[in-house]
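Residue-level structure breakdown
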Amino acid sequence: MSNFGQILEEVGEFGLFQKRLLAALCMPSIFVAFDVIGQVFTGMSFEHNCNTDWILERGFNLTEERQRNLTLPVNKDGKFESCKMFTPVDWDLETIEAYGINSTTSCIHGWDYQAPPGSSSIMTEFDLVCERSGLIEASQSIYMAGYMIGALTYGAISDRFGRRFAVLLSLSVVLTFGVGLAFSPNIYVLLVLKFFCGTSGGVMVMNTSVLALEWTGPSKAAVCTVLLIIIYGVGLMLLSGLAYLIPNWRILQLVLSSPVLPVLVFLYWFLPESARWFLAHGRKEEARKVLERAARVNKTPVPDKLINQVDMKVSAKKGNMFYIFRIPYLRKHTIIMGFNWFATSLLYYGLSLNVGGFGLNIYLTQFIFGIVEIPANLGSLVLIQHFGRRVCQSCFLLFGGTACLLTLAIPKDLPVVVTVIAVLGKMAATTSFSTAYVYTAELYPTVVRHNGVGLNSMCARMGGILAPLVRLLDTFHQIIPMLIYGLIPIAAGGFCWLLPETLNVHLQDHAEDT
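Residues numbered from 1 in each chain as written. Predicted model: local features only at pLDDT ≥ 70, side-chain atom pairs only at ≥ 80, totals over all residues. Heavy atoms only, no water.

1. With respect to helix α1 (residues 4-11)
- Considered for burial, the residues of α1 that qualify are F4, G5, I7, L8 and V11. Taken around the axis of α1, the buried residues stretch over an arc of 160 degrees, which confines them to a single face.
- Directly beyond the C-terminal end of α1, a positive phi value near 125 degrees is found at G12. (Buried < 20%, exposed > 50% of the residue type's maximum accessible area, 1.4 Å probe, protein only. Helix = DSSP H or I, 4+ residues; strand = E, 2+ residues; numbered from the N terminus. Arc of directions from axis to C-beta.)

2. As for the nonpolar core
- Within the largest apolar cluster, 140 residues are counted, with the highest numbers of intra-cluster contacts made by V36, F41, W215 and Y349.
- Counting residues per element, this core draws most heavily on helix α2 (residues 16-37), at 12 residues.
- What W215 contacts, discounting residues up to four positions off in sequence, is L8, E13, F17, Q18, L21, P272, E273, S274, A275, V290, L291 and A294.
- Formed by eight residues, the second largest nonpolar core is a distinct cluster that contains A222, I230, C392 and F396. (Core = buried A, V, L, I, M, F, W, Y, C linked by side-chain atoms within 4.5 Å. Contact = heavy atoms within 4.5 Å.)

3. With respect to the side chain of S345
- Position of S345 relative to the elements: it lies in helix α18 (residues 328-352).
- With a relative accessible area of 0%, S345 lands in the buried category.
- Residues within four places of S345 in sequence aside, it is in contact with G350, F433, A460, R461, G463 and G464.

4. Quick notes on the side chain of S170
- Looking at the element boundaries, S170 is found in helix α8 (residues 163-181).
- From its side chain, S170 meets the backbone oxygen of V167 in a polar contact 2.8 Å long.
- Leave out the neighbours within four places in its chain, and S170 touches Y154, S200, M204 and N207. (Polar contact = N/O pair within 3.5 Å; in protein donor to acceptor, adjacent residues only side chain to side chain.)

5. Description of the state of the cysteines
- Tallied over the entire structure, the rule returns two disulfides.
- Residue C50 pairs covalently with C107 via a disulfide, S to S 1.8 Å. The S-S bond linking C50 to C107 shows a torsion near -60 degrees; that makes this disulfide left-handed. You can see C50 sitting in strand β1 (residues 48-50) and its partner C107 sitting in the loop between β3 (104-105) and β4 (111-113), a full 57 residues away along the chain. With respect to burial, C50 and C107 carry one shared label: buried. (Disulfide = S-S within 2.5 Å.)

6. Details of the packing of helix α21 (residues 389-407) against helix α22 (residues 415-443)
- Relative orientation of the contacting elements α21 and α22 amounts to 155 degrees, with a least axis distance of 8 Å. One finds that α21 runs roughly antiparallel with respect to α22. α22 is crossed by α21, and the crossing has left-handed handedness.
- Split into classes, the residues belonging to the contact of α21 with α22 amount to 13 nonpolar, seven polar and three charged. (Axes fitted to C-alpha atoms, helices over the stretch in contact; angles between N-to-C directions. Parallel < 35°, antiparallel > 145°, perpendicular 65-115°, else oblique. Left-handed = near helix turned anticlockwise from the far one by under 90°. Nonpolar A, V, L, I, M, F, W, Y, C, P; charged D, E, K, R; others polar.)

7. Examining the pattern of salt bridges
- Scanning the entire structure with this criterion turns up seven salt bridges.
- Measuring nitrogen to oxygen at the nearest pair gives 2.5 Å for the salt bridge that ties R250 to E125. Here R250, found in helix α12 (residues 249-257), pairs with E125, found in helix α6 (residues 122-126); they are 125 residues apart in sequence, far enough to count as distant. (Salt bridge = Lys/Arg side-chain N within 4 Å of Asp/Glu carboxyl O.)

Next up, the structure:
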């Protein structure tokens, strides 16, 4: 009996067909960056104070500075309060200047924002400040909740209906709800749309990497996955440039989402289904057709004899998530890798969504965060191909967690040093993510591969949900968020040593029941 690995050797493990497929699958990765990290800019924060124009009725020619001095209390740091104002009174201006106002109240007339001309964000448009400021973090957590649901759903969809269908469906959802975000009439509609964007935006790399992996031989499997993730870094760099040029959040959202349409149309006509998936589901004739297409492009003979002899004895077993947990070794792999994905996601998004908190320009920091992903992913490819998946995954997590802890030891008046260490932590998180994509897909057999990757990705989304909420803990003590971002990855790095090595090991098509 033959297996798909033998068939792929005849057709070509990384010929022109695979290279064209990989180039096409890289395009959605750009929009993943836009969709996942876009709210760093559409939800950008600006300095703000209570609107106190009521005093202009007593003195219309007051300067802005004088108006603030008369109407806004000062906090312990000597800055004007952003969520309190002196209670409006019916006194004349001379009396207010002579005696001042002692009582304070909340911002009863709205807020004034110190935003550059033409700039806007969901914060300024929907007044997400003071007691409503948590809605910005909540919107990102809701996006990650959708991401978690999508990771589970698309794993099942892909294993049931095919890899191609999953890729096209995720792009369609991102297009529809991403464009819809630009027309949100209020924050509550935006939260609903963010959830649906989350179900499909982030999982596109998962969908495309599984399809690329199943068309590629083991020696180039890591190359395909890492390249898809590298293009995500290119998307991050483009995002910072677009956000700098387009300060209006609604226009920016349209620009980030609309180009998905031509990509979707192109992939609809070009994208092939996974022949490995066809064979694993007993659909030999459809597998034969797509393999013939690959052989023509690669200029190799069609392996008809091998296709006819392919071992389909367990094809009737349709894998699912319950199937994964029934088999001891798959259950063990899932639990350990699930914690790894959770820790990696917590580290990655804890740093990525806090680009404005390191003291440098937000556009520059985001560009740096994007550009470091390219050498980080290339470096991870070299390392995992030389040292293996297990040792690298462990070291990346240990290094990233340590970097977060080191930021706590740097004085806040050294923002460049803090940013450099944060960038190193971000590089470690990036390499850990790219390694996890490669490693996880290699740990599961074809019949449950996408379900397995989806299940682990769901664990990552739990980390993504918690990452922005953990930042809110700095109200209790400023070191708590970074402490959490640092310690959990260090613990996860230790558990990696309980997993098997998969370097240059052929993919399984069916699970062993022992």
